[in-house]
Amino acid sequence: MLTFKDVSKKYGNRVALDDINFHIEEGEFVFLVGHSGAGKSTLVKLLIREETPTSGSIHFAGYDIEQLSRKALPHLRREIGVVFQDFKLLPRKTAFENVAFAMEVSDFSNREIKKAVNYMLDLVGLSAKSRSFPHQLSGGEKQRIAIARAMVNNPHILIADEPTGNLDPNVSWDIVQLLNKINNWGTTILMATHASDIVNSLQKRVISLDEGKIVRDSMGGYNE
Ligand code: ADP
């Protein structure tokens, strides 16, 4: 469902990604690891078409991402849920409104939006906080709201870019368990992370980047 073929990305003379090739099947949970500067964020940006590759092609769920017209971008972005390290919630909107906002660009009725948002808030365990504003929520709660927002349009893939980077270890673990649950229900997950303890305990596929190249692509954490 997602294929990077001979993908390179240069910023001026700087090579951020160098001839990247991989394929992810529907339903996989994949960790993307590597030191700072290895190219993880660039890879995510190419996938959501925030950047375009210098060469190569990216196929995702029937889209040729690098060739998409501006008009088709909203369709692509509905198929891809994204969660960030710094949550990126809208500060003046409640938890409910933050999740609902992701649906408002589509043609849903208020009733449909309310039903879907309440369902997602329940799923991430935050129904009781639907009227809270981001500043009234803990880091872990904010990330749960961000996950609800990323999932409310039922995307093909959920991309999590360092989702536990700002969270305490216990809370991080809860968030990873939630991502694992979402994956078990069928959504493909690509999670960029530095957290080697999480990667090692989950025993999923790991793609390692170093200086823009894939140096390892295998199952089961770092240590085997
Ligand atoms: P990571 O997410 O693994 O830390 P990045 O994808 O952010 O790595 O960066 C990969 C390389 O590309 C780094 O050398 C970085 O300095 C460079 N880079 C990333 N974005 C830009 C940009 N907008 N302009 C110039 N260089 C960039």
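Residues numbered from 1 in each chain as written. Predicted model: local features only at pLDDT ≥ 70, side-chain atom pairs only at ≥ 80, totals over all residues. Heavy atoms only, no water.

K.L.:
Can you lay out the site of the ligand for me, pointing to particular residues and giving the numbers?
P.N.:
In the region of the ligand, the neighbouring residues are Tyr11, Arg14, Ala16, His35, Ser36, Gly37, Ala38, Gly39, Lys40, Ser41 and Thr42. Note that an oxygen atom of the ligand is positioned 3.0 Å from one of the backbone N or O atoms of glycine 39. Look at the ligand: alone it shows 560 Å² of surface, and the protein chains cover 65% of it. Only strand E2 (14-24) and helix H1 (40-47) provide two or more residues apiece to the shell around the ligand. Counting residues per element, the shell around the ligand draws most heavily on H1, at three residues. A breakdown of the residues in the shell around the ligand according to their chemical character gives three nonpolar, six polar and two charged. (Near = heavy atom within 4 Å. Polar contact = N/O pair within 3.5 Å; in protein donor to acceptor, adjacent residues only side chain to side chain. Areas by Shrake-Rupley, 256 points an atom, 1.4 Å probe, with all protein chains shown as cover. Helix = DSSP H or I, 4+ residues; strand = E, 2+ residues; numbered from the N terminus. Nonpolar A, V, L, I, M, F, W, Y, C, P; charged D, E, K, R; others polar.)

K.L.:
I'd like a rundown of the packing of aromatic side chains, residues and numbers included.
P.N.:
Any pair of aromatic rings gets described here by the distance separating the centres and the angle formed by the planes. Applying the stated criterion across every chain yields a total of two aromatic pairs. Ring geometry for phenylalanine 4 against phenylalanine 22: centres 4.7 Å apart, planes inclined by 15°, an arrangement best described as stacked. Of this pair, phenylalanine 4 sits in strand E1 (residues 2-11) while phenylalanine 22 sits in strand E2, placing them 18 residues apart in sequence. By relative accessible area, which is 7% here, phenylalanine 22 ends up buried. Taking the centre distance of 5.1 Å and the plane angle of 55° together, the rings of phenylalanine 29 and phenylalanine 31 count as tilted. Grouping residues by exposure puts phenylalanine 29 and phenylalanine 31 together as buried. One Lys or Arg, lysine 9, reaches over the ring of tyrosine 11 and ends 5.2 Å from the middle of that ring. For the cation-ring pair, lysine 88 lies above phenylalanine 84, with the distance from its terminal atom to the ring centre recorded as 5.0 Å. (Phe/Tyr/Trp six-rings, centres within 6.5 Å; stacked < 30°, edge-to-face > 60°. Buried < 20%, exposed > 50% of the residue type's maximum accessible area, 1.4 Å probe, protein only. Lys NZ or Arg CZ within 6 Å of the ring centre and 35° of its normal.)

K.L.:
Describe in detail the pattern of salt bridges, supporting the description with residues and values.
P.N.:
In total, this model carries seven salt bridges according to the counting rule given. The closest approach of N and O atoms between aspartate 86 and lysine 88, which form a salt bridge, is 3.5 Å. Under the relative-accessibility criterion, aspartate 86 is labelled partly exposed at 42%. Judged by its relative accessible area of 43%, lysine 88 is partly exposed. Measuring nitrogen to oxygen at the nearest pair gives 2.8 Å for the salt bridge that ties arginine 205 to aspartate 217. Of the two residues, arginine 205 is situated in strand E9 (residues 205-210) and aspartate 217 in strand E10 (residues 213-219); the sequence distance between them amounts to 12 residues. Accessibility expressed as a relative area gives 10% for arginine 205, which makes it buried. (Salt bridge = Lys/Arg side-chain N within 4 Å of Asp/Glu carboxyl O.)

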